[in-house]
Structures are given as C-alpha cells and as structure tokens.
Amino acid sequence: MSPQHTTIYVDMDHVLCGYDEGFLRQQALHPDLQYPQSQPEMYIGLLPLPDALDTYRWLHDQSSTRVYILSAPSVMNPHSYSEKRLWVERHLGLDIADNLILSSHKGLYRGHYLIDDNIAGIL
C-alpha cells in the first residue's frame with residue numbers, strides 16, 4: 001500500500017448493483033427453491049444501482065486512489081464467481097475486471113476505506 005495513494009474497496013451487492021431486485025426475480029422464477037440465489041444467471045443479471053458505475057469510475061480515475069471491487073461470492077451459488085467477474089466486465093470494462101477481488105474474508109484486506117452495505121460481512 002503506497003502512502004501517496006488512498007486504497008478503496010467497493011462491494012458489489014447493494015452497492016454497485018441491486019441484489020434485492022435480482023433475488024426477487026429468481027424467487028419468482030423458482031418459487032419452490034429454498035435458495036433461489038443458487039440458480040445460474042442470478043449475478044450476471046443484476047442491474048447497476050443509479051450513479052454507482054459513474055461514481056466507481058470517478059474514484060478509479062483519480063490519480064490519488066487505488067480502487068478495487070471486493071465482493072463476497074455466494075456459497076449457495078458457485079456460478080457467482082464467474083458471473084460477478086462477467087458483470088464487472090459488462091458494466092465497467094475488462095480493465096476494471098483486473099481490480100476484482102472475490103473473497104468472503106473482507107477483513108483480511110488492508111486499505112483506507114471499504115464501501116459496503118454490510119458491516120457484519122467484514123469481521
């Protein structure tokens with residue numbers, strides 16, 4: 001971590017993309033499943049939240065910041081690993097996919113800021 005740069009980690013679900021809408025869509029398609037988020041196309045189909053992509057790009061373009069996407073994969077859906085990677089490429093570009101970190105252990109990463117909707121997920 002360079003002292004002249006601020007390191008920022010940004011979550012995906014509920015921060016860059018709307019998880020709830022995608023979950024409800026999968027639940028409607030698979031009403032008998034206990035874990036509808038376990039189905040393929042759950043994560044690739046999530047919609048970006050308003051202004052989230054522009055804000056991420058703005059942070060990324062600042063010379064004083066290093067910005068990474070730090071997202072926990074779903075243990076209920078092994079497709080989430082590849083679908084989250086494809087989502088980043090689709091919505092932010094291949095160069096940003098290189099800044100994607102998939103980990104359930106967000107508290108292990110060193111940086112200055114974590115933008116996340118779930119503080120419990122970083123312990």
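Only a predicted model underlies this, so the values are computations on that prediction, with no experimental measurement involved. (Residues numbered from 1 in each chain as written. Predicted model: local features only at pLDDT ≥ 70, side-chain atom pairs only at ≥ 80, totals over all residues. Heavy atoms only, no water.)

## Digging into the confidence of the model for the protein chain
Per-residue confidence for the protein chain gives a mean pLDDT of 92, with 94% of residues at or over 70. In the model of the protein chain, strand S4 (residues 113–115) stands out as the element of lowest mean pLDDT, 94, in contrast to strand S3 (residues 100–102), which has the highest, 98. (pLDDT = per-residue confidence, 0-100. Helix = DSSP H or I, 4+ residues; strand = E, 2+ residues; numbered from the N terminus.)

## With respect to the sheet that holds strand S1 (residues 6–10)
Taken together, the four strands give an open sheet; going across it, the order is S3-S2-S1-S4, and neighbouring strands pair in parallel fashion. Sheet topology places S3 and S4 at the edges, where each strand pairs with a single neighbour. Neighbour-to-neighbour, the strand axes of this sheet turn through a mean angle of 25 degrees, independent of strand direction. Bridge count between strand S2 (residues 65–71) and S3: three bridges; the pairing is parallel. Among the inter-strand pairings, Ile69 is bridged to a residue of S3, identified as Leu100. This element, helix H2 (residues 52–61), spans S1, S2 and S4 of the sheet and lies at about 140 degrees to S2. Relative to S3, helix H3 (residues 79–92) is tilted by about 160 degrees, and along the sheet it contacts S2 and S3. (Pairing = 2+ DSSP bridges. Axes fitted to C-alpha atoms, helices over the stretch in contact; angles between N-to-C directions. Contact = heavy atoms within 4.5 Å.)

## As for the side chain of Ser103
Along the chain, the position of Ser103 falls in the loop between S3 and S4. Take Ser103: its relative accessible area is 10%, and that puts it in the buried class. Side-chain polar atoms of Ser103 contact the backbone nitrogen of His105, separated by 3.0 Å. Each residue touching Ser103, except ones within four places of it in the same chain, is listed here: Leu70, Ser71, Ala72, Pro73 and Tyr109. (Buried < 20%, exposed > 50% of the residue type's maximum accessible area, 1.4 Å probe, protein only. Polar contact = N/O pair within 3.5 Å; in protein donor to acceptor, adjacent residues only side chain to side chain.)

## A few points about H3
A rise of 1.5 Å per residue sets the reference length of H3, with its 14 residues, at 20 Å; its end C-alpha atoms lie 19 Å apart and thus fit the reference within 8%. As for H3, its buried residues are in contact with H2, S2, helix H4 (94–97) and S3. The positive-phi residue at the C-terminal boundary of H3 is Gly93, with phi of around 110 degrees. (Expected span 1.5 Å × (residues − 1).)

## So, the pattern of salt bridges
All chains considered together, the criterion is met by six salt bridges. Taking the shortest distance from any N to any O, the salt bridge between Asp54 and Arg57 comes out at 3.8 Å. Residue Asp54 and its partner Arg57 are both found in helix H2; the two are separated by three residues, about one turn of the helix. Exposure remark for Asp54: the relative accessible area of 54% places this residue in the exposed category. By sharing partners, the salt bridges in this structure join Asp11, Lys106 and Asp116 into a single network. (Salt bridge = Lys/Arg side-chain N within 4 Å of Asp/Glu carboxyl O.)

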